[in-house]
Amino acid sequence: MKKMEQLELDAHRAAIASDMRGLLEKYRTIFGWDIPEIDQAAADKLILAAMHKALDDISA
């Protein structure tokens, strides 16, 4: 039997993923405003790396 915390997380997993996609889109937009000729793939890698770093910092 799954623990209650895991069941709760499972119930919200789609919302968490949606929120993360929303954050990526938010920062894509900001990068686009600041750099009109942006390399979107490179920008996405930078944004995702910053998001990973922030999550690592939070979990430490």
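Structure's up top.
Note that the structure is a prediction, hence the values are computed from the model and not measured.

Undergrad: I would appreciate a short explanation of helix H1 (residues 4–34) in the present structure.
TA: Since there are 3.6 residues in each turn of an α-helix, residues three or four apart along the chain are aligned in direction. Look at H1: 44 Å from first C-alpha to last across 31 residues, which is about the 45 Å you get at 1.5 Å a residue. The largest bend in H1 is about 50°, located at histidine 12.

Undergrad: Just checking my understanding: could you explain the environment of glutamine 40 for this structure?
TA: Tracing the chain through its elements places glutamine 40 in helix H2 (residues 40–59). Separated by 12 residues in the primary sequence, glutamine 40 and arginine 28 place their C-alpha atoms 7.8 Å from one another.

Undergrad: Looking at this structure, I do not really get H2. What am I missing?
TA: With 20 residues, H2 should cover 28 Å at 1.5 Å per step; its first-to-last C-alpha distance of 28 Å lies within 8% of that length. Considered for burial, the residues of H2 that qualify are Ala43, Asp44, Ile47 and Met51. Taken down its axis, H2 places every buried residue within 100° of arc, on the same side. Residues of H2 that are exposed and point more than 90 degrees away from the buried face comprise Lys45, Leu46 and His52. Looking at where H2 begins, the residue whose side-chain oxygen comes 3.3 Å from the main-chain nitrogen of alanine 41 is aspartate 39.

Conventions we followed
Along every chain, residues carry numbers that run from 1 in the direction the sequence is written. Per-residue local features are limited, in this predicted model, to residues with pLDDT of at least 70; the limit for side-chain atom pairs, both in listing and counting, is 80 or more; totals at the level of whole chains, interfaces and linings are taken over all residues. Excluding hydrogens and water, the side-chain figures rest on all heavy atoms present in the structure. Counting from the N terminus, the helices are the DSSP runs of H or I reaching at least four residues and the strands are the DSSP runs of E reaching at least two. A helix's residues, less one, multiplied by 1.5 Å, set its expected span. Two axes enter the definition of the bend at a residue: one is fitted to the seven residues ending there, the other to the seven starting there, and the bend is the angle between them. Note on classification: 1.4 Å probe, protein chains only; a residue is buried when its accessible area is under 20% of the maximum for its type, exposed when over 50%, partly exposed between these limits. Throughout, the arc means that of the directions going from the helix axis to the C-beta atoms. Polar contacts, as used here, are pairs of N or O atoms within 3.5 Å; protein pairs need one atom able to donate a hydrogen and one able to accept it. Residues neighboring in sequence count only if both atoms are side-chain atoms.

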